[in-house]
Amino acid sequence: MERSDVKCFAVMGLGKMGVDWVANLLEGGYEVVGFDTDAGARERAPGALAKGLGWIGKKRHPDEPNFADEAAAGFRVVDSEEDFAAELGSCQVLLEVILEDLDLKCEVLARVAPRLPDDGLVWTNTSSLSVHTMGVASGRLEKFVGTHGMNPVYQMPAVEVVRHRDLSSETLALTVEILEGMGKSPFVATDVSGFWVNKHLVPFMLEAMRALERGEITVEDGDVGLKGSLGHPQGVFKLSDFIGADTMYRVSMAMYLQTQDPRLYPPAILARLFKNGEHGVKTGKGFYEWDGFKAVKGRDFSENVITSSDFLLEV
Ligand SMILES: NC(=O)c1ccc[n+]([C@@H]2O[C@H](COP(=O)([O-])OP(=O)(O)OC[C@H]3O[C@@H](n4cnc5c(N)ncnc54)[C@H](O)[C@@H]3O)[C@@H](O)[C@H]2O)c1
């Protein structure tokens, strides 16, 4: 298959990353059909997409006043996995963006990936799971590749293209070509735990959370310090709220299980945010309190400072 043969992407999972990918794909001129098992996510998708396309239009297509509406016309949502699978026959790429759970991803891929045309590709946006294992489950290992987009996908240029040992050189080259054609900056990493970016980022972020649990720093001072000293765009606590405590927890636990590295074991403070539904921007509360995408204030975690040997039994 050549790049010019690729006309349609099927996007499975319309959460934060899925919808942002859809915006970027529509900007690239592709048709997109999307599906999510959650009816709420399917209903929210057009509104979230309009926001993303609005941003892209303003920043990258200022001379096209109808950019967002015209681009949005290329997107359709279907209501069942069966309808989605039926659409795959006329798509060239399936992009998997469902939640970070290896068993779930493998199960769903085994059901739907065989419905693609023989030369169809599968991309996965996983941030930490074994791309090879998912490729085996999909039944098309040589055509299965990691395309780890950064959050928010349409603003961040890099895409980590994850090469596993059985990936064909044709799939790798075509994937890089498609991404470059969309204006992205792909780079190739290997299928090791955390690939390249999260191998560095996750232990760093978890250590910042442990410093909070030791009472060494506050949320706002922590972020101001990293922004002003190391040039980080937002600081770790804000970044974690953008990623979501649920995703942060799942990614770090997956990496811990792969490596047994204690630095990757999710700290209690992160587990508690996940369990309490305080997932960050998407729920309005995490390390910060949020008003939409605006951080109102950093929360006080002094009660979460570990002060006694029985601390974990008391929460
Ligand atoms: N959030 C980030 O910053 C970030 C960054 C890079 C990569 N990722 C990765 O992207 C993926 C999605 O993360 P997210 O943050 O968008 O999560 P999310 O929770 O916002 O969205 C996941 C969506 O998948 C849907 N889903 C679950 N099972 C499904 C199924 N069987 N079929 C269709 N839809 C299904 C859920 O209903 C949900 O809407 C994960 O693999 C995550 O690790 C996330």
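Residues numbered from 1 in each chain as written. Predicted model: local features only at pLDDT ≥ 70, side-chain atom pairs only at ≥ 80, totals over all residues. Heavy atoms only, no water.

### Comments concerning a negative patch on the surface
Okay, so step 1: A surface patch of like charges, here negative, comprises E2, D5, D118 and D119.
Okay, so step 2: The residue E2 is located in the segment before β1 (8-12) in this model. (Patch = residues over 30% accessible without salt bridge, like charges linked within 9 Å, V, L, I, M, F, W, Y side chains within 5 Å. Areas by Shrake-Rupley, 256 points an atom, 1.4 Å probe, with all protein chains shown as cover. Salt bridge = Lys/Arg side-chain N within 4 Å of Asp/Glu carboxyl O. Lys, Arg positive; Asp, Glu negative; His and termini not counted. Charge placed at Lys NZ, Arg CZ, Asp CG, Glu CD. Helix = DSSP H or I, 4+ residues; strand = E, 2+ residues; numbered from the N terminus.)

### Digging into the site of the ligand
Okay, so step 1: Neighbouring the ligand are 26 residues; M17, D36, E100, K105 and S127 lie closest to it.
Okay, so step 2: Within the backbone of M17, one N or O atom sits 2.8 Å away from an oxygen atom of the ligand.
Okay, so step 3: Here D36 contributes a side-chain N or O atom positioned 2.6 Å from an oxygen atom of the ligand.
Okay, so step 4: Starting from 830 Å² of accessible surface for the ligand in isolation, the protein chains cover 90%.
Okay, so step 5: Contributions of two or more residues to the shell around the ligand are made by α1 (16-27), α5 (102-112) and β6 (144-149).
Okay, so step 6: The greatest single-element share of the shell around the ligand, amounting to 3 residues, is contributed by α5.
Okay, so step 7: Looking at the shell around the ligand, its residues break down into 10 nonpolar, 10 polar and 6 charged.
Okay, so step 8: Each of domain 1 (3-190) and domain 2 (197-306) gives at least three residues to the shell around the ligand. (Near = heavy atom within 4 Å. Polar contact = N/O pair within 3.5 Å; in protein donor to acceptor, adjacent residues only side chain to side chain. Nonpolar A, V, L, I, M, F, W, Y, C, P; charged D, E, K, R; others polar. Domains from an automatic or database assignment.)

### Things to note about the domain arrangement of the protein chain
Okay, so step 1: Under the domain assignment, the protein chain is made up of domain 1 (3-190) and domain 2 (197-306).
Okay, so step 2: Listed per partner, the contact involves 12 residues of domain 1 and 10 residues of domain 2.
Okay, so step 3: Interface of domain 1 and domain 2: buried area, both sides summed, is about 840 Å²; carbon and sulfur atoms make up 59% of it.
Okay, so step 4: Along the contact surface separating domain 1 from domain 2 lie 0 salt bridges.
Okay, so step 5: Joining domain 1 to domain 2, the criterion identifies 4 residue pairs in polar contact (both at pLDDT 80 or more).
Okay, so step 6: Residue composition of the side of domain 1 that touches domain 2, by class: 4 nonpolar, 5 polar and 3 charged. (Contact = heavy atoms within 4.5 Å. Buried area = accessible area lost by both parts, 1.4 Å probe.)

### Comments concerning the sheet that holds strand β5 (residues 121-124)
Okay, so step 1: One open sheet holds the 8 strands; their spatial order is β3-β2-β1-β4-β5-β6-β7-β8, and the pairing between them is mixed. Bordering the open sheet on either side are β3 (75-77) and β8 (185-190), each of which pairs with just one other strand. If you compare each strand with its neighbour and ignore which way they point, the axes differ by 25° on average.
Okay, so step 2: Of the pairings in the sheet, the one linking β5 to β6 comprises 3 bridges and is parallel in character. Looking across to β6, one finds that T124 is bridged to G146. (Pairing = 2+ DSSP bridges. Axes fitted to C-alpha atoms, helices over the stretch in contact; angles between N-to-C directions.)

### Describing the packing of α5 against helix α6 (residues 131-138)
Okay, so step 1: With their axes 7 Å apart at the nearest point, α5 and α6 run at an angle of 30° to one another. If you check the angle between α5 and α6, you find them roughly parallel. Along this stretch, α5 crosses α6, giving a crossing that reads as right-handed. Contacts between α5 and α6 involve L102, K105, C106, L109 and A110 from the first element and T133, M134, A137 and S138 from the second.
Okay, so step 2: Grouping the amino acids of the contact of α5 with α6 by side-chain chemistry returns 6 nonpolar, 2 polar and 1 charged. (Parallel < 35°, antiparallel > 145°, perpendicular 65-115°, else oblique. Left-handed = near helix turned anticlockwise from the far one by under 90°.)

### So, the packing of helix α4 (residues 81-88) against α5
Okay, so step 1: Contact pair α4 / α5: the axes reach a minimum separation of 10 Å and the direction vectors enclose 55°. Taken as axis vectors, α4 and α5 run oblique relative to one another. Counting all contacts with α4, which are made through E81, A85 and L88, the residues of α5 involved are V108, R111 and V112.
Okay, so step 2: When grouped by side-chain class, the residues that make up the contact of α4 with α5 number 4 nonpolar, no polar and 2 charged.

### Focus: α4
Okay, so step 1: Within α4 the residues assigned to the buried category are F84, A85, E87 and L88. Buried positions in α4, seen along its axis, are confined to an arc of 155° and lie on one side of it.
Okay, so step 2: Where α4 is buried, its residues contact β1, β2 (31-35), β3, β4 (93-96) and α5. (Buried < 20%, exposed > 50% of the residue type's maximum accessible area, 1.4 Å probe, protein only. Arc of directions from axis to C-beta.)

### So, the packing of aromatic side chains
Okay, so step 1: Applying the stated criterion across every chain yields a total of 11 aromatic pairs.
Okay, so step 2: Where Y256 meets Y265, the ring centres are 5.0 Å apart and the plane angle is 80°; that geometry is what we call edge-to-face.
Okay, so step 3: The partly exposed category is assigned to Y265, whose relative accessible area is 43%.
Okay, so step 4: One aromatic cluster is present, formed by F9, W21, Y30 and W123 through successive ring pairs.
Okay, so step 5: Above the ring of Y288, the side-chain terminus of K238 is found at 5.2 Å from the ring centroid. (Phe/Tyr/Trp six-rings, centres within 6.5 Å; stacked < 30°, edge-to-face > 60°. Lys NZ or Arg CZ within 6 Å of the ring centre and 35° of its normal.)

### What about the pairing of β2?
Okay, so step 1: For β2, the buried fraction is high: 4 of the 5 residues fall into the buried class.
Okay, so step 2: Note on the crossover from β1 through α1 to β2: the handedness is right-handed.
Okay, so step 3: As paired elements, β2 and β3 share 3 bridges and run parallel to each other. Looking at β3, one finds that V32 is bridged to F75. (Right-handed = clockwise from strand over helix to strand, strands pointing away.)

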